[in-house]
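What follows is each chain in one-letter form.
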Amino acid sequence: MQAAQPQVSEELYTELLGVTNSDATDRYLVRLILAAREGRGCLPLHLGLGERGFAALIERCFSEMQHWLILHTEVPAAVVERSNTRSELLSLRLDEQQELTVLLESCRNPEVDPLLSVIIATGCLGGDHLWRDLGFENRDWLSEMMAFAYPQLKARNAKDMKWKRFLYKQLCETGGNYVCRAPSCEECAVYSDCFGPEV
């Protein structure tokens, strides 16, 4: 007989995950993990890492109790179903995910876990602003994370271009298949799509 999944309140779940045992990246990873389990954003439950990669990540970053809690707290069936669909869609865009991961890795703070690059690249495949696709509550969390984890990219994004558009523009400029048709940002007909407020 299979043991019942523990029913843990969100408050206790967040409190337990709030005490981490590695580096500053954890506070972002905690939010990404919780957001996926709450059905926010576009990330599948394994954050685009695959089941083995996800298990390795939480084992490395969290205490044994937190690790157990993440893996055994019940996730609503609708969230699981949506996660499965997102995983299938991700499998069709692995080349794109890989290109974005390579870009992010080329600028990653060496203190940051490299799997964060895969997670962000997976979030870029969603259809909304990147902060929403990652499940953050607001854009400030994303900007803060990018400044800490990818300081070179943050410095390059001096005009505060929307992050997803900025990353694809970087791919365009390095010879990728994602071509912006405007001669310059200032002459682009959809300038506000890249630089306008994210609401």
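Residues numbered from 1 in each chain as written. Predicted model: local features only at pLDDT ≥ 70, side-chain atom pairs only at ≥ 80, totals over all residues. Heavy atoms only, no water.

Caption draft 1: Structural context of the overall build of the protein chain. When helices and strands are tallied, the protein chain shows 12 helices and zero strands. Sorting the 199 residues of the protein chain into buried and exposed places 45% on the buried side. Across the protein chain, every contact between residues at least 6 apart in sequence was considered, and the portion connecting residues at least 24 apart equals 69%. Accessible area of the protein chain: about 10800 Å², with a carbon and sulfur share of 54%. (Helix = DSSP H or I, 4+ residues; strand = E, 2+ residues; numbered from the N terminus. Buried < 20%, exposed > 50% of the residue type's maximum accessible area, 1.4 Å probe, protein only. Contact = heavy atoms within 4.5 Å. Areas by Shrake-Rupley, 256 points an atom, 1.4 Å probe, with all protein chains shown as cover.)

Caption draft 2: Here's a closer look at the side chain of Arg-139. By the element assignment, Arg-139 lies in helix α9 (residues 139–149). In this structure the side chain of Arg-139 is engaged in a polar contact, spanning 2.9 Å, whose partner is the side chain of Asp-160. Here the side chain of Arg-139 touches Met-161 through a polar contact of 3.1 Å, landing on its backbone oxygen. (Polar contact = N/O pair within 3.5 Å; in protein donor to acceptor, adjacent residues only side chain to side chain.)

Caption draft 3: Structural context of helix α6 (residues 94–105). Between its first and last C-alpha, α6 extends 16 Å over 12 residues, near the 16 Å set by a 1.5 Å rise per residue. Looking only at α6, the buried set comprises Glu-96, Gln-97, Leu-100, Thr-101, Leu-103 and Leu-104. One side of α6 holds all its buried residues, which, seen down the axis, span an arc of 160 degrees. Considering only its buried residues, α6 is in contact with α5 (77–91), α7 (115–124), α9, α10 (151–156) and α11 (163–173). (Expected span 1.5 Å × (residues − 1). Arc of directions from axis to C-beta.)

Caption draft 4: Molecular detail of the packing of helix α2 (residues 26–37) against helix α3 (residues 50–61). The contact between α2 and α3 brings their axes to 12 Å, and the two run at 135 degrees. Our classification of the angle between α2 and α3 gives oblique. When the axes of α2 and α3 are compared, the crossing they make is left-handed. The segment α2 lies against α3, with Asp-26, Leu-29, Ile-33 and Arg-37 engaging Phe-54, Leu-57, Ile-58 and Cys-61. The class makeup of the residues in the contact of α2 with α3 is six nonpolar, no polar and two charged. (Axes fitted to C-alpha atoms, helices over the stretch in contact; angles between N-to-C directions. Parallel < 35°, antiparallel > 145°, perpendicular 65-115°, else oblique. Left-handed = near helix turned anticlockwise from the far one by under 90°. Nonpolar A, V, L, I, M, F, W, Y, C, P; charged D, E, K, R; others polar.)

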